[in-house]
Structure formats: C-alpha cells, structure tokens
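Okay, here's what each chain looks like letter by letter:
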Amino acid sequence: MKRILSILLILTLALVLSVPVLAANEGAERVVVGADLSEDQILSVYGQFGLMRGAVPELKVTNAEERSYLQGIVSESIIGTRSISCIYIKLLSENSGLTVSTNNITWCTQDMYRSALMTAGIYDAEVRVGAPFPVSGTAALTGIYKAYEDITGQKLSEEAKAAAADELVITAELADALEEAGIPVPENSDQLAEQVAQADAVAIVNELKLILDETQTMSDDELRIQIINIANQYGYTISDEYIEKLISLCRSMEGLSISELTEKVEQFKAGVATVKQYADTVQEYTQKAVTFGQKVSGFFESIANFFRGLFGKN
C-alpha cells in the first residue's frame, strides 16, 4: 500500500511540475507606478488603464531600478532623475500572443515594446504603458520586468533583460536616424514618415534576430556586411555608428534561447502592420491623383485656349 501511495505521490508531483508556470498565473494582473508620481498623477494613469486603484495589486519602480538597465545605453536626458512611466500587465494563456498599448509615450512604439519584451522572454501578455504627461517610455520596461517576476515568482534572465533594454533604445535611436535619412513618402506626410522609420527600425532588428544562429560564428566584419545588406533591402544606408550598435546588440542576444526567440519573431513578423506598404500605397494613389489632376487641368486649359482663340479671331 505504501508503495502504491509513493507511486501516486510521484506521479502527482510530476504532473504538477509539468504544468507551465504561466498556466497557473493566467489572468494574473499587476500595475507598476513610477515612485516619483503624485497621488493625482497615479490616479490619472489608472484612468488611462481603465482601472480603479486597488482593483489590481500595485508595485512601484524607482529611478535607481530603471538605471540598472538603462544607464550607459541611453542619454541622461532620456533616463532623467525621476521615475514616471507606469505599466499594467495581465498574463494570458500560452500562445495568446503579446499586445501592447501606449499613452503619453513619445519615443517607443508599441511594436518596439513587443519586440523587446520577446527578447526578454515575455510572450503571452496584455501590456499597457502610460504616463500622466509625455515621456520617452524607455523606463517602462523595468516596470514590466518587475511585475512579470512578481506574478510568476521567477526571475527573468538578467542577460535577456539587459539585451531587451539595449534593443528598445537602439531601435528607437535607429528609427530617428532612418527618418532623418529621408523616406520616400508623399509631401506633407511627416507623421507617416516617422511611422515608416519606426516600423523599418523594428523590422531590421528582427531580421538580425532571425540569423542569430549564424552570427554566432561570424566575425564582426562578416556581421557588418550582413547588417549593411539587411538595411539595403529596406532601402537604407545606415551610418557606421549604428552598424556598431547593431553588432553589439547581436552579440548580446547570441547567448539567449535562439530557437525560441526565432519562433516568436516569426509570429511577431506575421502580425506586424506593414506601415511601409501603406505608405507605398498612399504614395501611389497620391501620384495617380496628381497625374489625374494634371490631366483634368490640361483638359480645362485646352478648352480655355480654344475660347481664347475663338474670341481672339472675332
């Protein structure tokens, strides 16, 4: 009898241990607020999240905690001296995917967050990032880490968290550089140009993630050529400064779980809005409209010339 009970105990334990950690935490939520916010500012962010304060367990993140990941990879003006960004996270069932929404975040896009969080090892969750007034948003990543680890009771890889923070900053900086380089969009479409640059920066970084198993055996010079070729495929020539940053980013990601990351990147690519295709479509229709307008204008000019000639003869 004791033998049977022991076997049953072992089987039960094996079953419990085989259940994914996230399955037990599915639906668990946290809010993380910046430690330097006033009570009114915190309440305003809760309003953005559509939550009543107290409905979800709340944590705080300090500027010192934010600096643990950002110092040295982003300028002091962006880090600042206060913790402002806030986040809400809800864990979802396996393979549900990752959704991110933002409010008052000026530098980091939703797709930049999604891409970086996958690098950190966070895959199935609903995330909201907000602030009581416009901020860059880089520090929000630290709050997401803190909430995720509090929910699961497990530490994310420090290497993965550092690489993800590095990725978020480099991608945002690269987007600015691509926009400055000039993007072929219709005139007076500054916002569209910014969106295309942001989408392309994320795409370039994710193309590099897909070849991490190859970059491990490449020299820096060989990797440099790969980066140049990928950028060229998207229509850009990027500066040596950003090539070196991307080399450094690749090296920091090569020690992660590459097969798992590659799988998530493929899923991510399939679900990303093709902003550049939209821009190309807008440009195409704009050009057609201009051509049509020129033809119509030419038609009416011809009529006007006809009557001018007619009255001139009289």
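Heads up: the structure comes first, above all this text.
Here the structure is a predicted model, which means the values were calculated and not measured.

Asker: Before we move on, could you go through the overall build of the protein chain and cite the residues and values that matter?
Answerer: Assigned secondary structure in the protein chain consists of 14 helices and five strands. Of all 314 residues assigned to the protein chain, the portion counted as buried reaches 42%. Here the analysis covers contacts within the protein chain between residues at least 6 apart in sequence; of these, 80% occur between residues at least 24 apart.

Asker: Could you give me a rundown of the packing of aromatic side chains, with the residues and numbers involved?
Answerer: Any aromatic ring pair is given by two values, namely how distant the centres are and how the planes are angled relative to each other. One pass over the structure, following the stated rule, counts one aromatic pair. Taking 6.4 Å as the distance between ring centres and 45 degrees as the angle between the ring planes, the aromatic pair formed by F49 and Y88 counts as tilted. Separated by 39 residues along the polypeptide, F49 in helix α3 (residues 39-49) and Y88 in strand β3 (residues 86-91) bring together distant segments of the chain. For the pair formed by F49 and Y88, the shared burial category is buried. In this arrangement the basic side chain of K264 is found over the ring face of Y123, its NZ or CZ atom lying 5.0 Å from the centre.

Asker: With reference to specific residues and values, describe the sheet that holds β3.
Answerer: In space, the five strands of this open sheet follow the order β2-β1-β3-β5-β4, with mixed pairing throughout. Of all the strands in the sheet, the pair left with one neighbour each is β2 (58-61) and β4 (98-105). Between one strand and the next, the sheet's axes are offset by a mean angle of 15 degrees, whatever the strand orientation. Packed onto the sheet, helix α7 (residues 140-152) meets β1 (29-34), β2, β3 and β5 (125-135) and runs at close to 35 degrees relative to β3.

Asker: Describe the nonpolar core, and please don't skip the residues or the numbers.
Answerer: One recurring pattern in soluble globular proteins is that nonpolar side chains are buried together. Judged by nonpolar contacts, the single largest core of 90 residues is most densely connected at I89 and L246. For this core, the leading source of residues is helix α8 (residues 158-181), giving 11 residues. Sequence-distant contacts of L246, that is, excluding residues within four places in its chain, are made with I170, L174, I204, V205, L208, I227 and I238.

Criteria and cut-off values
Every chain is numbered independently, its residues counted from 1 as its sequence is written. Whole-chain, interface and lining totals are the exception, using all residues; otherwise, since this is a predicted model, local features are given only for residues with pLDDT of at least 70 and side-chain atom pairs are given and counted only at 80 or more. Here the side-chain values reflect all heavy atoms present in the structure, with hydrogen atoms and water set aside. Secondary structure elements are taken from DSSP: a helix is a run of H or I of four residues or more, a strand is a run of E of two residues or more, and numbering for both begins at the N terminus. Note on classification: 1.4 Å probe, protein chains only; a residue is buried when its accessible area is under 20% of the maximum for its type, exposed when over 50%, partly exposed between these limits. The contact criterion used is simple: two residues touch if any of their non-hydrogen atoms lie within 4.5 Å. Pairing of aromatic rings covers Phe, Tyr and the six-membered ring of Trp, with a centre-to-centre limit of 6.5 Å; geometry is then stacked below 30 degrees between planes, edge-to-face above 60, and tilted otherwise. Two conditions define a charge sitting above a ring: the NZ of Lys or the CZ of Arg must be within 6 Å of the ring centre, and it must be within 35 degrees of the ring normal. Only strands joined by at least two bridges in the DSSP assignment are considered to pair. Angles here are taken between N-to-C directions and fall from 0 to 180 degrees, while the axes themselves are lines fitted to C-alpha atoms, restricted in helices to the stretch in contact. Buried residues of nine kinds, namely Ala, Val, Leu, Ile, Met, Phe, Trp, Tyr and Cys, make up a nonpolar core once their side-chain atoms join them within 4.5 Å.

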